[in-house]
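Below are the chains, spelled out letter by letter.
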Amino acid sequence: MDQKRDGTGRLGRRELLMAAAGAAALGGRRAGAQGDGPWAIPPKSKVDKLNFVVWTYGDIYTKIQAKFKADWGVPVEATISAFNDHPAKLMTMYAGGESIDVSQSSPFSFPNFISQGLVEPIGDLPGAKEYLADLTDSAKQVAVYNGQLMGLPYFSTVWVWNYYTDLMEKAKFQPFKTYDELMEQLRKAKQDKIAQYPIIWVAGVGLEQLPGTWYQMTWNRGGVFFDKQGNPQLGPGSIARETLKWWVQTFKEELADPESLKAQFTGSAKAFGAGKNLYRGPNHHYGLNIANDPAQSPNAGKIKVHGSPGDGMTIGDTHVYFLCAANRDKEWAWKLLQYLGGKTKDGQYTQAINLARDAMLGSGYNSVMKSAAITEGWKPWGDPVEILQIWDKATYVAEVVPSIYKPWHFPWSDRINIEVSKALTGQITPDVCCDNLVVAIKEVQKG
Amino acid sequence: MAPAKPFRFSRELPPRALGVAMNIPTLLTLGLVLAYPIYYAAYLSFHKVSLAELRRGVFPFVGLANYERIFNDRLFLLALKNTLIFTAFSVTTEIVLGIAIALLIDQRHVWTSRVTKFLLLVPYAVPPIANGLIWSFIYSFEYGFLNRILFTTRISDAAVNWSGDPATALLAVSIPYIWRTLPFAILLVHSALQGISREYYEAASVDGAGALQRFWHITLPMLRPIIVVILVLRTSFAFAVFDEVLAITQGGPGDATWVASWYSYKKGFSPPFDIGLGAASAYVLAIMVGLFAIAYVGFIYRRID
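Small disclaimer: the values here were computed from a predicted structure and weren't measured.

Regarding the overall build of chain B
A count of helical and extended segments in chain B gives 13 helices and zero strands. Its helices and strands in sequence order give chain B the pattern α-α-α-α-α-α-α-α-α-α-α-α-α, from N to C terminus. What you see for chain B is a C-alpha radius of gyration of 25 Å, clearly larger than the 19 Å of a compact globule of 305 residues, by over 25%. Expressed along its principal axes, the backbone C-alpha trace of chain B runs to roughly 85 × 70 × 50 Å.

Quick word on the interface of chain A and chain B
Tallying the contact residues gives 25 residues for chain A and 22 residues for chain B. Contributing elements (two or more residues each) for the side of chain A that touches chain B: helix H3 (86–95) and helix H18 (409–424) of chain A. Among the elements that take part in the side of chain A that touches chain B, H18 of chain A stands out by supplying six residues, more than any other. Taken together, the residues of the side of chain A that touches chain B break down into 13 nonpolar, eight polar and four charged.

Points about the pairing of strand E6 (residues 152–164) of chain A
The side chains of a regular strand alternate, first on one face of the sheet and then on the other. All names here are of chain A. With 13 of its 13 residues buried, E6 lies for the most part within the structure. Pairing geometry for E6 and strand E10 (residues 314–323), over six bridges, is antiparallel. Each bridged residue has a counterpart across the sheet, and for Pro-153 the counterpart in E10 is Val-320. As paired elements, E6 and strand E8 (residues 279–284) share four bridges and run antiparallel to each other.

Describing helix H12 (residues 260–269) of chain B
The buried fraction of H12 of chain B is high, at eight of 10 residues. Of all the positions in H12 of chain B, only Ala-260, Ser-261, Trp-262, Tyr-263, Ser-264, Lys-266, Lys-267 and Gly-268 of chain B are classed as buried.

Comments concerning H3 of chain A
Regarding H3 of chain A, the residues found buried are His-86, Pro-87, Leu-90, Met-91, Tyr-94 and Ala-95 of chain A. Along H3 of chain A, the residues classed as buried sweep out an arc of 145 degrees about the axis, all on the same side. On its buried face, H3 of chain A sits against strand E1 (50–55), strand E2 (76–81) and strand E3 (102–105) of chain A together with helix H2 (51–56) and H12 of chain B. At the C-terminal side of H3 of chain A, Gly-97 of chain A shows a positive phi close to 80 degrees.

Observations regarding the nonpolar core
Counting 184 residues, the largest nonpolar core has Val-102, Ile-199, Leu-244, Leu-278, Leu-336 and Leu-337 of chain A as the members making the most contacts within it. Sorting elements by how many residues they give to this core places helix H8 (residues 169–194) of chain B first, with 11 residues. For Ile-199 of chain A, the contacting residues outside a window of four places in its chain are Leu-186, Thr-250, Leu-255, Ala-256, Asp-257, Asn-277, Leu-278, Tyr-279 and Gly-281 of chain A.

Points about the environment of Pro-87 of chain A
Of note, Pro-87 of chain A is situated in helix H3. A count of 25 C-beta atoms within 10 Å places Pro-87 of chain A in the buried class. As for Pro-87 of chain A and Trp-55 of chain A, which are separated by 32 residues in sequence, their C-alpha atoms are 9.2 Å apart. Not counting the four nearest positions on each side in its chain, Pro-87 of chain A is found in contact with Ser-109 of chain A together with Ser-270 and Pro-271 of chain B.

What about the confidence of the model for chain B?
Per-residue confidence for chain B gives a mean pLDDT of 89; residues scoring 70 or more make up 96%. Note on the complex model: pTM 0.82, ipTM 0.77.

Examining the confidence of the model for chain A
Residues with a pLDDT of 70 or more make up 92% of chain A, whose mean pLDDT is 90. Between residues 1–34 of chain A, whose pLDDT stays under 50, and residues either more than four places distant or in other chains, the model counts nine contacts.

Regarding the pairing of E2 of chain A
Bridge analysis of E1 of chain A against E2 of chain A gives six bridges, and the strand direction is parallel. Along E2 of chain A, the bridge assignment pairs Trp-55 of chain A with Ser-81 of chain A.

Here's the deal with the packing of helix H9 (residues 210–220) of chain A against helix H10 (residues 239–252) of chain A
All names here are of chain A. Look at H9 against H10: their axes get within 9 Å of each other, and the N-to-C directions meet at 115 degrees. With respect to the hand of their crossing, H9 and H10 are arranged in right-handed fashion. In contact with Trp-214, Met-217 and Thr-218 of H9, H10 contributes Ile-239, Ala-240, Thr-243, Leu-244 and Trp-247. For the contact of H9 with H10, the per-class residue count stands at six nonpolar, two polar and no charged.

Definitions and cut-offs
- Residues numbered from 1 in each chain as written.
- Chains lettered and ligands numbered in written order.
- Predicted model: local features only at pLDDT ≥ 70, side-chain atom pairs only at ≥ 80, totals over all residues.
- Helix = DSSP H or I, 4+ residues; strand = E, 2+ residues; numbered from the N terminus.
- Rg over C-alpha atoms; globule rule 2.2 N^0.38 Å.
- Contact = placed C-beta atoms within 7 Å.
- Nonpolar A, V, L, I, M, F, W, Y, C, P; charged D, E, K, R; others polar.
- Buried ≥ 20, exposed ≤ 12 C-beta atoms within 10 Å, placed from the backbone.
- Pairing = 2+ DSSP bridges.
- Arc of directions from axis to C-beta.
- Core = buried A, V, L, I, M, F, W, Y, C linked by C-beta atoms within 7 Å.
- pLDDT = per-residue confidence, 0-100.
- Axes fitted to C-alpha atoms, helices over the stretch in contact; angles between N-to-C directions.
- Left-handed = near helix turned anticlockwise from the far one by under 90°.

In structure tokens form, the structure reads like this:
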């Protein structure tokens, strides 16, 4: 295979110089390609500062703020609130006439933000088409609305199960393969006093927490919440209703940790890390980043990821950053948006890569998902191969709950939280819960 | 050049004009920070106001549609019911405990140090949201102090899910609220007690009145004006309870702790940001508080007369 130029297997001086020059030229061209892209071109206008309004997740913004200032000389202010408080914070700032350059949205509130005029289309901005070409299917389903690119991905995730190896070994269980087997394991673990509450669910109030758990298990069993014509699929005998009945049973038999009803993603991962439960119900994959972090979990390294029963189908979604209609300068806001959800001046997906390496978040870009940032970067917390196998079986949550695309999904989601919580706490039956939710659809549609 | 004479009014304003002049700054301030928002909330409640309309400042008039919607909303009626239960329980408890504790620290033979008196007031200085968070830790099902204490003292052999059980959730919100606001009642009653002449009690004792009779016939009647003040203020604040709900239950489990202000918040400040509806529900609440205040004053002052 190697060509011996001088018959000795060594490069001659001239060849060496030519090779070096060629390598330099190649390297230069690569660097040039990164530096010459639209992300490297400075905006013509001038601004004193920029800002973004986001929800908190660890310390993921400090570095990118500093990088933006270092690259462009413009300071960036951050307004950061809790996930559930973010819509209210954003709304009050917007309504109050404040400038907001970039903000972010869950897929559940994005259509509402768009319909309220909060989001500016970005499809025609320089470099947008390249981003669009690199988006994953899941990211496209959120970021593209009515055929227009409306945002860039913040992160992607899929719903996975977790189990705690020490208690599983103590109980002599293998991770379940069916829901019946799971129920039997939970009952036996309680009976044998392996755990007082063998499972913790993410069932706290939220857009994705309690509803997400129900969506995931329904989809995994082959159900949806609305058919293609938009008719609710919550009637008697529906998979969603039967799933809820099964889920309620885990509370009725006191197999589920009562803290489940308050558990948000991060809190449930911390609670699970305490080692009191065998299983943690399906939720965002990156909880492993907390449960297996020695600084945050006494049982780091003992929390494993597990796929869903049957064919392993699960759900996933992508959260997005968007260019706010209340921006102070569109060119600069686009530049900042790219720092958060796209490429930095050097042509790299700096934030997406950092989020993968520092916080175990998935990306909405195919190129990042295939990179070492994921395949190597996730290793401290879980097995990337196993998680990516689950990833391949994930469907965007809107396939399960197409109402996500409707502005009324948000208030309906409030009703899901109320009615399902009542069912889980035994105030109403799952049948009444589903009937109430069908009625609620008509109510929220009226506005 | 002669030194300039200091400016001086040629004559004093008549008392009535002076009174008006002196009140103008206060009236302007109150008008700005109270009357205008109240008027504006009323205005919004008759209009369709969402995020886009609020930003543009153009609101379509919808008449009484927002009021119709809230009175047809089962959740609003439930929130009102929860608010009434919460208010009745918390205000009654505050008044009873406020009088009891104020009487206790007012006793000459019961020594209470300044530190104790100071500590009694500390909860009032705790920010409401912080108070809610502290109590949510106390209530924690597995790790909370309350369950630990009950378990250690063998009062209960099983952990109680205080804030997660629909049967106890409203109580779980009420207790922290009472804990935080009770010092206000204590302070007012204690001040009022200072104003009651000891001679009344001495005379009653000479006439053979016992402690209970002295309380019933002297203390309580003399406290009535301050009880009215406490009732009016505490009722209006209890009607608007929000922070503890936000921090401890977020309205849950289910709708067990949905109160009126939580309803207004959820309708106005989460998508689809129906601010007109939120304003209408807040207005209904304000009217109810006003009616309660009028009723209290009328009822108790009639008793005093």
